Each structure stands twice: as structure tokens, then as C-alpha cells.
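Tertiary structure, described
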Amino acid sequence: MKIISFSYYDKVRNWGFENLEFLKLSLLVGASGVGKTQILRALENLKKIVDGKSLNGIRWEITFASLNNRIYNWKGEFEEKKYILTDAANDTQEESILLWEYLSEDEVELAKRDRDGIIFRGEKTVKLAAYQSIIYLLKAEPVIQMAESGLSKIKMMETPVPNSPIYVPEMALRMMVEMDNGNEDTLLNSEVSSIRIKLLVASRLKNKALFQSIKNRYIDIFPQVEDIRIVRQTASRDLSHMMDEYMIQIKERGVTEWIPQQDISSGMLRSLMQICEIYLCPEGSVLLMDEFENSLGVNCIDELTNDILSAKRNVQFILTSHHPYIINNIPYQNWKIVTRKGGKVTVKNASDYRIGESKHDYFMQLLQLEEFSNGVD
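Cut-offs used in this document
Residues numbered from 1 in each chain as written. Predicted model: local features only at pLDDT ≥ 70, side-chain atom pairs only at ≥ 80, totals over all residues. Heavy atoms only, no water. Helix = DSSP H or I, 4+ residues; strand = E, 2+ residues; numbered from the N terminus. Contact = heavy atoms within 4.5 Å. Areas by Shrake-Rupley, 256 points an atom, 1.4 Å probe, with all protein chains shown as cover. Salt bridge = Lys/Arg side-chain N within 4 Å of Asp/Glu carboxyl O. Buried < 20%, exposed > 50% of the residue type's maximum accessible area, 1.4 Å probe, protein only. Core = buried A, V, L, I, M, F, W, Y, C linked by side-chain atoms within 4.5 Å. Phe/Tyr/Trp six-rings, centres within 6.5 Å; stacked < 30°, edge-to-face > 60°. Lys NZ or Arg CZ within 6 Å of the ring centre and 35° of its normal.

Some remarks on the overall build of the chain
- Helix and strand counts for the chain stand at 12 helices and 18 strands.
- Looking at the chain alone, contacts between residues at least 24 apart form 62% of all its contacts between residues at least 6 apart.
- About 18800 Å² of surface is accessible on the chain, with carbon and sulfur atoms providing 48% of the total.

As C-alpha cells, then:
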């Protein structure tokens, strides 16, 4: 899917923003503390609501396009519960109910709810859970399923842990490798959420073209590397049931031994995961990346920025960054300049500050903005 616009308000924290418009690539920039990371978390919260979670005091509205070019508008509001914190270990909090909710497709109402219940295509439904969204409750309906499928593709890009194995049972791995005769499209659009498991499956497919493409791109960035593999370790006994462990290894030119995952630098490992996200995520994904430059060397930043800019797949990127190279090498038309006054977050385009009207370096124009250097009031 592609997010067109997004509004969000957290009544508990008295924090939010309105009418944030997104492009295929949007880069959130601004001073520390203005709310760039919180905007990404707000998008993640939408996915939690789609998955049936109740979020206290949240109000939202999102307009997005599905893969079949339908335009959906989904909005709603959870009640705000005033919780009293206690020391009781078993103290439980009651779920916040939805005060109202609305979903439309191409401006035609599909479903709505209020205190009296849910109306789906003009007919009142049986009584359903008041704290779960209509998209979650009615996702088996074909007209709702497309909206649910799109929103479920919002994902924060993974940050790899150097000494963390890939856990998957050998039998499950064989089933994933053999599904649909090892078709790459089946892997890309599967419900497997872990990009590392997808990489493992890609390395085991009979047709290794996809894995080879990832490997080739990685070697382009790190020419000292000549090969990548994923090897099975001993089965883990630390989990409640037996799971097979797999670890990534790289082979460098002139080095006899393979380098194990725990000895791969954080920048090289993160670069591999970001390449995998671009190559292995489902069509219609919305990939969120906070502080894109973290743990990356200059050569990685250069190449991965170019990968995102030139991505041919139907994928939307929403990034945050403080790094001058990234900001200066992403077109200023893709910048979203974030400021905050109290709990009210404002997001504007570069053109709203007349950036781009002169021939001066666009990043220098950004640096000269008081809203960029001191964005919290």
C-alpha cells in the first residue's frame, strides 16, 4: 500500500499531529526531541490496532492506496481511561473501548461503529468486541481484507543483534523452502515477518537468483567480501521446545576462515539487513527506519541511500535522520520538516520554508532555519 496522509492524537500524553502527507520516500528531519521517532511509533500503533489491540486514548485518521489502487479512509477513537497505578502485582487494566470508527473505500462507506454497535454495508452486525477495530473483527470479509492486508505491511526495519541466531525448526524451514515449488514471489509475499528467516529461506531455494542478487549487492558495497552463507548450528535447548539455530557468515578475500556473525561489524551486519528488507519485503510494504545512519560507515550510507532512492519495487519508505550526507542526498522535495510546540507536532514541506527557490545548497538552507535548529518550543 501507499500511505497518503495520516493524523494522530494521543489524549493521554496530549501529543499529536494532523494531515501529515507522505510520498513514496519521506525523510523526517528536525531538531532532537521534536517527535520524529514518535511519528514512526504512531504508525506502528496503527498496525497494533489492525492486529486487534486496544490503545488507550488514541485517535487517528489515515488515508491510503491499496495495491489495486483503491483509496481507503480509516479513522476512529479509543476512550481515555484514567488508570491509578498500584503496587499490586496482579493488577490488570481494562481494555479501552472504541468510541467510534469509520472505514470507506473510494469514498463509499464500508463499515462504521458507535456506542450502539457496528454497521457493515448498511446492516447491523451481531454484537462484537467493543475494544477491537472493525478491520480486525471483519477481516475475513473480502472488502475489508484488502484494507487489512495493506495496513499489516507497515513495518519497522529490523536492527540485527550480532550474536542472535535465526531460530526456526528444520521441518518448518523445509516447508517454507518447498512451498509453491520454491517460488520467489511466494516467499516475498508470505506472512513470515522476520527478514532474517526470509533470507535463510532464500538461501535454500532451488532457484537462488534472489539470494544471489542480495549477495551481489552486498559485495558491491563491501568489495572485500566474496561470499555469504547461513549455516546451521546445534539445536537450541534454551527454548521451551527444540529449535534449530542458524547464523550468518561472510567470507573475505585473502582470509582463510569464514567470519561468524558475532564477529561481523555492526555496520556491515545492519547493511546486509537493510538490503534484505528492500529485496525481500512484500509488495506494498511501508518500511520505517529510525535514524537511518546508526552504525553505518560513510560507504554504507552512500550506497544504501542510493538503493532507497532507486528502489523499483512497490515499497514506501519513511525515514528519520540527522546525518548531513543523507539529508543532502535525498531530494529536498522529500523532506518533512518536523517542529513541536508543547504536545502539538507540526510537519511541513521544504517548499513551505522556500527551500529550493535559490541556488544555494539545500542542506545549508535547512541549517539556517530556526525551525530546524531549535524545533521545540
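Overview of the pattern of salt bridges
- Across all of its chains, the model carries 16 salt bridges by this definition.
- The residue Arg217 makes a salt bridge to Glu303 at a minimum N-O spacing of 2.8 Å. Here Glu303 lies in helix 9 (residues 298–309) and Arg217 lies in helix 7 (residues 209–221), a separation of 86 residues in the sequence.
- Judged by relative accessible area, Arg217 falls into the buried class, the value being 13%.
- The exposure class of Glu303 is partly exposed, given its relative accessible area of 26%.

As for the nonpolar core
- Membership of the largest hydrophobic core comes to 65 residues, with the highest contact counts inside it found for Leu199 and Ile248.
- Counting residues per element, this core draws most heavily on helix 8 (residues 266–280), which supplies 8 residues.
- Those residues in contact with Leu199, other than ones at most four positions away along the chain, are Phe211, Ile214, Ile230, Ile248, Leu272, Met273, Cys276 and Leu280.
- Counting residues in hydrophobic clusters, the runner-up holds 46 residues, among them Ala31, Phe64, Phe78 and Ile118.

A closer look at the packing of aromatic side chains
- Applying the stated rule across the entire model yields 9 aromatic pairs.
- Relative to Phe17, the ring of Trp15 has its centre 5.7 Å away and its plane inclined at 85°; by these criteria the two rings are edge-to-face. Taken individually, Trp15 and Phe17 each receive the classification buried, so the pair is uniform in this respect.
- With a centroid separation of 4.9 Å and an interplanar angle of 50°, the aromatic rings of Tyr218 and Phe222 are classed as tilted.
- Judged by relative accessible area, which is 4%, Phe222 ranks as buried.
- Taken together through their ring pairs, the aromatic side chains of Phe6, Tyr8, Trp15 and Phe17 make up a single cluster.
- Positioned above the aromatic ring of Trp15 is the side chain of Arg13, whose terminal nitrogen or guanidinium carbon lies 5.1 Å from the ring centre.

Functional significance is not addressed by these values, which are geometric in nature.
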